Amino acid sequence: MIPELGNFALIVALLLALIQSILPLIGAHRGNATLMAVARPAAQGQFAFVAIAFGCLAYSFISHDFSVINVAHNSFSQLPKIYCLTATWGSHEGSILLWALILGFWTTAVTVFSRHLPDEMVSRVVGVMGLISVGFLAFMLITSNPFLRQFPIPADGNDLNPLLQDPGMVMHPPMLYMGYVGFSVAFAFAIAALLSGKMDAAWARWSRPWTTVAWMFLSGGITLGSWWAYKELGWGGWWFWDPTENASFMPWLAGTALIHSLAVTEKRGAFKAWTVLMAIAAFSLSLLGTFLVRSGVLSSIHAFATDPARGVFILGFLGVVIGGSLALFAWRAPRMLSGGGFTWFSREALLLANNVILLAALGTVLLGTLYPLLMDTLGLGKISVGPPYFNAVFVPVMAPAFFLMGVGPLLRWKQASLPDLATRLKWALAISLAVGLIVPLTQKGFNVWVSLGLMLSTWIALTVIEGFRERLKHSQGGLFGRLSGLPRSYWGMQIAHFGIALGVAGITVVANYQTERDVKMSPGEHVELAGYSFVFQGVSQVPGPNYVAARGEIEVSRNGSRVALLYPEKRTYNASGMPMTEAAIDPNFLRDIYVSLGEPLDGGAWAVRVYYKPFINWLWLGGALLALGGFLAASDRRYRLSLRKAVASVYAQAGARA
Amino acid sequence: MKRWLPLILFTLLSAVLYVGLHLNPREVPSPFIGKPAPAFTLPTVEHPDKTFSPAQMQGKVWLLNVWAPWCVACRQEHESLLQIAQMGLVPLVGLNWKDKGREATALLAQSGDPYLACAEDLSGMVGIDYGVTGTPETYVIDKRGLVRMKHIGPIDAEAWENKFMPLIKELNR
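Described in the following lines is the structure provided in the data block. Remember, predicted model here, so these are calculated numbers, not experimental data.

## A few points about the sheet that holds strand 9 (residues 591–600) of chain A
Residues and elements named next belong to chain A. The four strands are arranged 1-10-9-8 in an open sheet whose pairing can be described as antiparallel. Each edge of the open sheet carries a strand with a single partner, namely strand 1 (515–521) and strand 8 (584–587). Averaged over all neighbouring strand pairs, the angle between strand axes comes to 15 degrees, with direction disregarded. Where strand 8 meets strand 9, four bridges bridge the pair, whose relative direction is antiparallel.

Put into structure tokens, the structure is as follows:
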């Protein structure tokens, strides 16, 4: 009964989405206020019904209703409750439902926080988002219905993929999707502006906080995903340039470019066409990512069952959404006159350079991701593109962006002076060069990449400090008071930039100085690595809720004193018989000790992998700072003021109705 | 013209993606095509005291089907294999790959044994020699012991009609 209700709710949601997109768009075109008034209630109703459908699916999972095919394939009677809930979006069908749910959530958020916008704009934005909802709901009902039943009912399920049974996976997909789908708001604003033909800076001002929030979620989601891979895959790697990772990284790059060009469009009225194009690109890449992951055109650790019908549907949808919006862009582009001139050395010019670099970096990732497919399509053979390509191409492309990142925020709009800047930054430059040249000398063999990485990282960190120093120079009062007087958007930018500095340092050090050993160990044997001694105490069998674990015990000590007792596990899941590696980590600010169990060998011996990973946590910390920076920027006073007004007007209306 | 550029690029990309949809990224060509099938001698699942080696099949066209009891797709394929065995057109030899739980004997006894013989590759080393990328996979080996084709994934009716039958007929000529 409950799954049928869910199915019915999806159908109602699809009908509401059709109303939500067609009527308000016609209304906005004709200036008909009655039709435009449909936008908000239709969007909220659509969200409510998708939420009901999602609730029904979650209920089916939690109540172990194995008559639902999706539940039978992705759940198991012994599966812990929290993973029953996350299994709701662990499958192809469920993750599309999550997509639709989050899209409904963002649309509803737009309807609530847009009271100060003209009705015409809101109608168009909500209408465009409705069209996207139509696509996803129809996709689900036609090719990927999560509520299909089967008879006879199997006695038990196949279990959720053990890889997904990890705390990191509880939050990773919803956060990632909040980011992906959140770019639909900026996209809808851009399309609304194109449709109206009024290409002033207003749409940029309105879509800026939305974009920043989406970017915050995407940054957090990518960081969590990377942390999950590090913990769960047992190889100590944290980024694999896997097509699916790239699928989330490309919208992030485009989104980062968008955030920066939106700032220019809002403040200076420049880059109008470019910003619209970036808004289209960020969301298009989100959709493309969904296509790549869901259609099975690329093989990836995340690949789900291949079904060409699904791929054809998404591709068609992609064609309509992306092709349609790019055509609209080409048609309207001549109307977008850029305002506000600037010289080659100004904040605008540097932000443009930053955008071009980010786009070039994006291009290298896109090319690397699609190249195997391109070769295969042209019949030129099967190849795979791996980390060596990406590291060789992506890193050098990004290096100038990191350098410019330090300079941009210190420049004035319109026109800046190079000699003046050189005086302000010569100390930062000197220290960065010194750090980059001296620190690698303390290690065996001078490494140019380490030198470059540390130089850029120090440079970004120091220019952040210089930025604060200059902002505070002319203000009065105590340091704390002066710091808290700075706008949150400024804090957000600086913290995010500092996060990049930490991330660059972490990546540089861990990629070049990590050490590892892969050894056969019998109980009582020990191995030395990076000054630490690892003693293998043996393996015991430990039952888990839905698995049996061989749990190793490894004592880590340094200079005779114990540092940690680590318990890496090799789990065998009851339903699938799939073995899973659960690494054990002793973290601290400067390094991780990472131990994982390989295969059992004869005579009680095991293959054991031990890693010493310096500075790895700077990477996650950097990612967390990106998200924090995004949060601060989006919660800036001017947005909070308009938010308060919006909430007040919602209450006022509710009061008037009552 | 410049403003149409994004649309043109996207159209080209869509064309590539459309063609790509109909290709299988997992179908990696085997470097063994046209080369002798790697030799091995392994005990069989049916009679652990007897062994099987490809040399015994000299002069025959035969299929080597790599499978495992823990592999869900292999269970789907099992029905087709039984039909193929019944047709008697071509001998079918199994390679039971990395069967740590030793479930194959019971499974074959219970749901039927399509194989002339099923070699037991417990360590997985023979599979590695053949370049197995996953189960199930099936190799067509000719009278001189050369690998002529590798099929990745379960053999379904379409693959049997269009890929296996024509090749087997030609090799038997």
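Having seen it, we continue.
## Notes on the environment of Leu-95 of chain B
Residue and element names in this part refer to chain B. With respect to the secondary-structure elements, Leu-95 resides in strand 4 (residues 92–97). Sequence separation between Leu-95 and Ile-152 is 57 residues; the distance between their C-alpha atoms is 14 Å. In contact with Leu-95, other than residues within four places in its own chain, are Leu-64, Asn-65, Val-66, Ala-119, Asp-121, Val-126 and Gly-127.

## Some points on helix 2 (residues 72–87) of chain B
Residues and elements named next belong to chain B. Spanning 16 residues, helix 2 covers 24 Å between terminal C-alpha atoms, matching the ideal 22 Å at 1.5 Å per step. Of all the bends in helix 2, the largest measures some 35 degrees and sits at His-78. Those residues of helix 2 not exposed but buried are Cys-74, Glu-77, Leu-81 and Ile-84. Contact partners of the buried residues in helix 2: strand 3 (62–67) and strand 4. Following helix 2 by one or two positions, Gly-88 adopts a phi angle in the positive range, close to 70 degrees.

## What about unusual backbone geometry?
Residues and elements named next belong to chain A. Following Phe-151, the chain continues to Pro-152 via a peptide bond in cis, the omega torsion being 0 degrees. Structurally, Pro-152 can be placed in the loop between helix 7 (119–143) and helix 8 (167–196). A positive phi angle, near 50 degrees, is found at Ala-530, a position not held by glycine. Tracing the chain through its elements places Ala-530 in the loop between strand 2 (526–529) and strand 3 (532–543). Residue Ala-530 is classed as partly exposed on the basis of its 17 C-beta neighbours within 10 Å. In this structure, Phe-615 is a non-glycine residue whose phi angle is positive, near 65 degrees. Positionally, Phe-615 belongs in the loop between strand 10 (606–614) and helix 19 (616–634). Given 21 C-beta atoms within 10 Å, Phe-615 falls into the buried group.

## What to know about the sheet that holds strand 7 (residues 147–152) of chain B
What links the strands of a sheet is backbone hydrogen bonding, and the strands pair in either a parallel or an antiparallel sense. All names here are of chain B. A sheet is described by the order of its strands in space; here five strands give the open sequence 5-4-3-6-7, paired in mixed fashion. Every interior strand has two partners, whereas the edge strands, strand 5 (117–121) and strand 7, have only one. Neighbour to neighbour, the strand axes of the sheet diverge by 20 degrees on average, direction disregarded. Of the strand pairs in this sheet, strand 3 and strand 6 (residues 137–141) are connected by five bridges, and their pairing is antiparallel. When the bridges of strand 6 are listed, Trp-62 appears paired with Ile-141. The strands touched by helix 5 (residues 157–172) are strand 6 and strand 7; relative to strand 7, the strand with the most contacts, the crossing angle is about 170 degrees.

What counts, and at which threshold
Residues numbered from 1 in each chain as written. Chains lettered and ligands numbered in written order. Predicted model: local features only at pLDDT ≥ 70, side-chain atom pairs only at ≥ 80, totals over all residues. Pairing = 2+ DSSP bridges. Helix = DSSP H or I, 4+ residues; strand = E, 2+ residues; numbered from the N terminus. Axes fitted to C-alpha atoms, helices over the stretch in contact; angles between N-to-C directions. Contact = placed C-beta atoms within 7 Å. Expected span 1.5 Å × (residues − 1). Bend = angle between axes of the 7 residues up to and from the residue. Buried ≥ 20, exposed ≤ 12 C-beta atoms within 10 Å, placed from the backbone.

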